[in-house]
Amino acid sequence: SRTMLLDAQLGGYALAQVTAEAERLERIGYDGLWSVETSSNPFLPLALAAQATRRVQIGSNVAIAFARTPFVTATVAWDLQKLSGGRLALGLGTSSKPHLEGRFSTESARPVGRIVDYIRCMRAIWDNFQHGTAPDYEGEFYRFKLNVPLFNPGPIEHPRIPVYVAGTTPSMCRAAGAVADGFNVAPFHTAAYLRDVLRPAIEQGARKHGRSLGDVTISAPVMAVMGDTDEQMAAAETNVRRMIATYCTMPPYVGMLRHHGYDGLHEQMAALAAKGDAAGMIAAVPAELVRAVALVGRPLALAPLLRERYQGLADRVSLRYAVPGAASEPTWSAFVGAFKGA
């Protein structure tokens, strides 16, 4: 089996800090750096990180696919792959109907079929960039029928860009198994759900398309309740509970909650959220759910726990938060050492 890789989050750093942080995270020994698309662009930090580093992989977890056309995404990925010398993982997410329609002003129907078509269309575009093949892709949602030399960036040294799909449902996992090179597990997951539901669905999708589970790299960002003092631990637990409470209100996670026997939790959290009762939401998160979703401990104690929990389940793991500031560099170097030496 592959060596489990240890990644870090670039999300959470201001753009002006990314160059220094990426350099520091590579020096500490991380294998990959992931950006996010929450309140900022997911690709700009990757461009800065690509220039600031030599070895680490860079990736988006995630960029919202349907907010951009396949050609737009294909082009930015090509630029980043060239700039990084072949170190990009293009992680795409589908977002949800309210956000796609209300925030991004774009189509949301049938996201599973749409993401499969999107990825196939992008690969046809990359084939045109690399080999000059005729633009002749006609899918159900997307097409690529025209390009001219002026708009073709031409071949690059590492044309095979791994595409990761993020998801929370078995149907999205099957789509990843069918067409993707990787799967980004949602931060709100448990090892049991990954083992019992998500991995088998990825495998199902892969087998149906003549592939195997081994063709899909599974990447898991993991929430952590951690700190050097009891006060820090308590603050971190409140923060993790707040995140879990928010995820509990989202329909895509109902299946996971049910899998763990929390049948009414989604409705309970949605009702508290509707009343604006943030404190009530935090308090309503069951302690066992915190322990199933998050790792709990001092930073150095977390390294072996992280490794143990995901051994045989994920190919790459990361703690969900940006690695804290430069003062703690020795701690994080020791963390990476403990993880890799285990």
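As a reminder, the structure under discussion sits directly above these lines.
Residues numbered from 1 in each chain as written. Predicted model: local features only at pLDDT ≥ 70, side-chain atom pairs only at ≥ 80, totals over all residues. Heavy atoms only, no water.

Description of the overall build of the chain
The helix and strand inventory of the chain stands at 14 helices and 13 strands. Since a compact globule built from 342 residues should have a radius of gyration of about 20 Å, the 20 Å found for the chain is in line with a globular shape. In terms of overall dimensions, the chain has C-alpha extents of about 60 × 45 × 40 Å along its principal axes. Residue burial in the chain is summarised as follows: out of 342 residues, 54% are buried. Within the chain, residue pairs in contact and separated by at least 24 positions form 73% of the contacts whose partners lie at least 6 positions apart. In the form shown here, the chain has an accessible surface area of approximately 14,900 Å², with 56% of it arising from carbon and sulfur atoms. The averaged location of the 30 negative side-chain charges in the chain is 2 Å from the averaged location of its 34 positive side-chain charges. (Helix = DSSP H or I, 4+ residues; strand = E, 2+ residues; numbered from the N terminus. Rg over C-alpha atoms; globule rule 2.2 N^0.38 Å. Buried < 20%, exposed > 50% of the residue type's maximum accessible area, 1.4 Å probe, protein only. Contact = heavy atoms within 4.5 Å. Areas by Shrake-Rupley, 256 points an atom, 1.4 Å probe, with all protein chains shown as cover. Lys, Arg positive; Asp, Glu negative; His and termini not counted. Charge placed at Lys NZ, Arg CZ, Asp CG, Glu CD.)

Some points on a nonpolar patch on the surface
Side chains of Leu-146, Val-148, Leu-150 and Phe-151 sit close together on the surface and give an oily, nonpolar patch of about 470 Å² of accessible area. Mapped onto the elements, Phe-151 comes out in the loop between strand S7 (143–144) and strand S8 (163–167). Phe-151 gets classed as exposed once you look at its relative accessible area, which sits at 53%. (Patch = residues over 30% accessible without salt bridge, like charges linked within 9 Å, V, L, I, M, F, W, Y side chains within 5 Å. Salt bridge = Lys/Arg side-chain N within 4 Å of Asp/Glu carboxyl O.)

Considering the packing of helix H6 (residues 170–179) against helix H7 (residues 191–208)
Interaxial distance between H6 and H7 falls to 6 Å at its minimum, and their mutual angle equals 45 degrees. What the angle tells us is that H6 and H7 run oblique. The chirality of how H6 crosses H7 is right-handed. Contact residues: H6 offers Pro-170, Cys-173, Arg-174, Gly-177 and Ala-178, while H7 offers Tyr-193, Val-197, Leu-198, Ala-201, Ile-202, Gln-204, Gly-205 and Ala-206. For the contact of H6 with H7, a count of residues per class yields 9 nonpolar, 3 polar and 1 charged. (Axes fitted to C-alpha atoms, helices over the stretch in contact; angles between N-to-C directions. Parallel < 35°, antiparallel > 145°, perpendicular 65-115°, else oblique. Left-handed = near helix turned anticlockwise from the far one by under 90°. Nonpolar A, V, L, I, M, F, W, Y, C, P; charged D, E, K, R; others polar.)

A look at the side chain of Thr-168
Counting through the fold element by element, Thr-168 comes out in the loop between S8 and H6. Those residues in contact with Thr-168 that lie beyond four places of it in its chain are Ala-186, Tyr-193, Leu-198, Pro-252 and Tyr-253.

Examining the packing of helix H2 (residues 44–52) against helix H3 (residues 70–84)
As a packed pair, H2 and H3 sit with axes 9 Å apart at the nearest point and diverge in direction by 15 degrees. When the interaxial angle is binned, H2 and H3 end up roughly parallel. In terms of crossing hand, the pair formed by H2 and H3 is left-handed. Of H3, the residues touching H2 (which contributes Leu-46, Ala-47, Ala-50 and Gln-51) are Leu-80, Leu-83 and Ser-84. Classifying every residue of the contact of H2 with H3 by side-chain character gives 5 nonpolar, 2 polar and no charged.

Thoughts on the environment of Pro-149
Relative to the helices and strands, Pro-149 is located in the loop between S7 and S8. When its relative accessible area of 74% is taken as the criterion, Pro-149 is described as exposed. Separated by 17 residues in the primary sequence, Pro-149 and Gly-132 place their C-alpha atoms 9.2 Å from one another.

Some remarks on the packing of aromatic side chains
Inspection of the entire model under this criterion finds 10 aromatic pairs. Aromatic pair Trp-34 and Tyr-164: ring centres 5.4 Å apart, planes at 65 degrees, arrangement edge-to-face. Here the residue Trp-34 occupies a position in strand S2 (residues 32–35), and Tyr-164 occupies one in strand S8, the gap between them amounting to 130 residues. By the burial criterion, Trp-34 is buried, and Tyr-164 matches it. Plain terms: the ring middles of Trp-332 and Phe-335 are 5.1 Å apart, the flat faces sit at 70 degrees to each other, and that makes the pair edge-to-face. In this pair, Trp-332 and Phe-335 are both assigned in helix H14 (residues 329–341), 3 residues apart and thus about one turn of the helix distant. Taken together, the ring pairs connect Phe-71, Trp-78, Phe-129 and Phe-144 into an aromatic cluster. One Lys or Arg, Arg-114, reaches over the ring of Phe-66 and ends 5.9 Å from the middle of that ring. Seen from the ring of Phe-339, Arg-307 lies directly overhead, with NZ or CZ sitting 5.0 Å from the centre. (Phe/Tyr/Trp six-rings, centres within 6.5 Å; stacked < 30°, edge-to-face > 60°. Lys NZ or Arg CZ within 6 Å of the ring centre and 35° of its normal.)

Things to note about helix H8 (residues 230–248)
Compared with an ideal rise of 1.5 Å per residue, which puts 19 residues at 27 Å, H8 spans 26 Å between its outermost C-alpha atoms and is within 8% of the ideal. Taken together, the buried positions of H8 are Met-233, Ala-236, Val-240, Arg-241, Met-243, Ile-244, Ala-245, Tyr-247 and Cys-248. Buried residues in H8 make contact with strand S11 (224–226), helix H9 (254–259), helix H10 (265–275), helix H11 (278–283), helix H12 (287–293) and strand S12 (295–297). (Expected span 1.5 Å × (residues − 1).)

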